[in-house]
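# Geometric and topological summary
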Amino acid sequence: MTSPMQKASELVAHAASICVLTGAGISAESGIKTFRDAGGLWENHSIEAVATPEGFEQNPRLVWEFYNARRKAAKVASPNPAHLALARLEQGRLHRAKQKPTATNGHGKAHRQPQPITILTQNVDGLHQHAGSQNVVELHGSVWKVRCTRCGAISDDHPVELPVLPYCSACGALLRPHIVWFGESLDPGVLDAAEVAVEECDLFLVIGTSAVVQPAASYPFIATRHGKPVIEVNKEKTPVSAIATVSLIGLAGEILPKIV
Ligand code: APR
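In this report, we go over the structure that sits alongside the text. (Residues numbered from 1 in each chain as written. Predicted model: local features only at pLDDT ≥ 70, side-chain atom pairs only at ≥ 80, totals over all residues. Heavy atoms only, no water.)

The strand order 5-4-6 describes an open sheet built from 3 strands, whose pairing is antiparallel. Strand pairing shows two members of the sheet lacking a second neighbour, strand 5 (154-155) and strand 6 (175-179), which therefore form its edges. Note that strand 4 (residues 141-148) and strand 6 share 4 bridges and pair antiparallel. Bridge pairing links valine 146 to proline 177 in strand 6. With respect to the sheet, helix 5 (residues 60-76) is in contact with strand 4 and strand 6, its orientation differing from that of strand 4 by roughly 140 degrees. (Pairing = 2+ DSSP bridges. Helix = DSSP H or I, 4+ residues; strand = E, 2+ residues; numbered from the N terminus. Contact = heavy atoms within 4.5 Å. Axes fitted to C-alpha atoms, helices over the stretch in contact; angles between N-to-C directions.)

Set out below in structure tokens:
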């Protein structure tokens, strides 16, 4: 009788293309607050005031104080064993793929191979990239990117703490965090990339998310509907636990290195 951990390891070992959905729980062991745990960000802040376009309109100074605090927390945080395990998994697969002749579609043209691993992260802290992961889709944007409220220019070469009200060097208008706020839709290119990754994968991992915010929360259910095995790693049960092929309850930093 294989244990759930062994089953998860086997599924990972045999998967050709893995899609990973991560949430705040994977960064918790790096010292970054989650949103809905006890003491989480939404316990100490009103979502309406700091994470909606209306809140920004009403009091941009308060919103920038909130995001400057999140930038500072992200700056001093380091990737934890969970981030590093995913980066190692990708590096190992990319290395293996290089050794295999690229499949062609019979006309000598290499047809596009699905990516060995795609991380769809709801996190905005940049820790997956910091850990070395290359194929990362930031569903909700990044605290390291800012966007001009007038010309839409996106830039990310900024000091950790921005002036309390930063302005666009190109057109002088107020800058906002390049973050998807409640009531806003995700970037269409990001949505497309996520949908392709969910469709193309043959294994879906869900790590450290309460799976309550759409559209991210729908991806594990879409994967299941397409007959793909789903492995969940989370500190507590979530709506995904009931449909997961394997649901591992515990800390991502301890479990992930074991299964990858
Ligand atoms: N290891 C594994 N899971 C953990 C750990 C850990 N060390 N610590 C916490 N968790 C779990 C919690 O039990 C919870 O189920 O991670 C989950 C974090 O859930 P949330 O705080 O709701 O964060 P997330 O799911 O990423 O929120 C989604 O909501 O507020 C918006 O845009 C924001 O991206 C965010 C989205």
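It is worth spelling out the site of the ligand at this point. Taken together, 23 residues sit near the ligand, with Ala24, Phe35, Arg36, Thr209 and Ser210 positioned nearest. The separation between an oxygen atom of the ligand and a polar main-chain atom of phenylalanine 35 is 2.8 Å. Contact with the protein chains removes 96% of the 740 Å² of surface that the ligand exposes when unbound. Split by residue class, the shell around the ligand holds 8 nonpolar, 10 polar and 5 charged. Both domains that furnish three or more residues to the shell around the ligand are identified here as domain 1 (1-32 + 79-140 + 185-260) and domain 2 (33-76 + 142-179). (Near = heavy atom within 4 Å. Polar contact = N/O pair within 3.5 Å; in protein donor to acceptor, adjacent residues only side chain to side chain. Areas by Shrake-Rupley, 256 points an atom, 1.4 Å probe, with all protein chains shown as cover. Nonpolar A, V, L, I, M, F, W, Y, C, P; charged D, E, K, R; others polar. Domains from an automatic or database assignment.)

Turning next to the side chain of serine 27. Summarising the element assignment, serine 27 is placed in the loop between strand 1 (18-22) and helix 2 (41-44). With near-sequence residues (within four places) excluded, serine 27 lies in contact with Ile32, Asn80, His83, Asn123, Asp125 and Leu127.

The next point concerns the packing of aromatic side chains. For the structure shown, the criterion picks out 6 aromatic pairs. Centre to centre, the rings of phenylalanine 66 and tyrosine 67 are 5.0 Å apart; their planes meet at 80 degrees, and the pair counts as edge-to-face. Each residue in the set Phe35, Trp42, Phe56, Phe66, Tyr67, Trp181 and Phe182 is aromatic and connected to the rest through ring pairs, giving one cluster. For arginine 176, the ring lying beneath its charged end belongs to tryptophan 181, and the centroid distance is 3.8 Å. (Phe/Tyr/Trp six-rings, centres within 6.5 Å; stacked < 30°, edge-to-face > 60°. Lys NZ or Arg CZ within 6 Å of the ring centre and 35° of its normal.)

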